[in-house]
Amino acid sequence: ELQRNAEQDTARLIEEELERQDLDIFGVSDVTDVGDGEPLFCNFAAEDWALLSLRYELHLLVHALKRDCEDDWRPGFPPEHLQFY
């Protein structure tokens, strides 16, 4: 009986983990609470934070360049010039 209960508990935990992994990250309305008060970024590794940081820096770069140029004919810069910036 104890072994069967332990197996059921293990199966339930595995199912819950699989449900969490199947989370649609683009459908989350609050990144600080995706369910049970757990933030979306709770399991981020160093690589995830580095990618997030890079994405934010590129976002700032594109918007700062657009604001600084204020040219209608130059709404941004071509991807080939990214290495320069």
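Residues numbered from 1 in each chain as written. Predicted model: local features only at pLDDT ≥ 70, side-chain atom pairs only at ≥ 80, totals over all residues. Heavy atoms only, no water.

Notes on the overall build of the protein
When its secondary structure is counted, the protein shows two helices and zero strands. Residues counted as buried form 4% of the 85 residues belonging to the protein. Here the protein has roughly 7900 Å² of accessible surface; of this, 55% comes from carbon and sulfur atoms. (Helix = DSSP H or I, 4+ residues; strand = E, 2+ residues; numbered from the N terminus. Buried < 20%, exposed > 50% of the residue type's maximum accessible area, 1.4 Å probe, protein only. Areas by Shrake-Rupley, 256 points an atom, 1.4 Å probe, with all protein chains shown as cover.)

Let's talk about the packing of aromatic side chains
On inspection of all chains with the given rule, the structure shows two aromatic pairs. Between the aromatic rings of Phe44 and Trp49, the centroid separation amounts to 5.0 Å while the plane-to-plane angle is 65°, which identifies the pairing as edge-to-face. Members of the aromatic cluster, each reached through a chain of ring pairs, are Phe41, Phe44 and Trp49. (Phe/Tyr/Trp six-rings, centres within 6.5 Å; stacked < 30°, edge-to-face > 60°.)

Regarding helix H2 (residues 46-69)
If you check H2, its first and last C-alpha atoms are 34 Å apart, about what 24 residues at 1.5 Å a residue would give, namely 34 Å. Of the residues flanking the end of H2, it is Glu70, one or two places downstream, whose phi is positive at about 45°. (Expected span 1.5 Å × (residues − 1).)

A few points about a nonpolar patch on the surface
On the surface, a cluster of nonpolar side chains totalling about 440 Å² of accessible area is made up of Val31, Phe41, Phe44, Trp49 and Leu52. Within the secondary structure, Val31 is located in the loop between helix H1 (2-21) and H2. Taking relative accessible area as the criterion, Val31 reaches 43% and is therefore assigned partly exposed. (Patch = residues over 30% accessible without salt bridge, like charges linked within 9 Å, V, L, I, M, F, W, Y side chains within 5 Å. Salt bridge = Lys/Arg side-chain N within 4 Å of Asp/Glu carboxyl O.)

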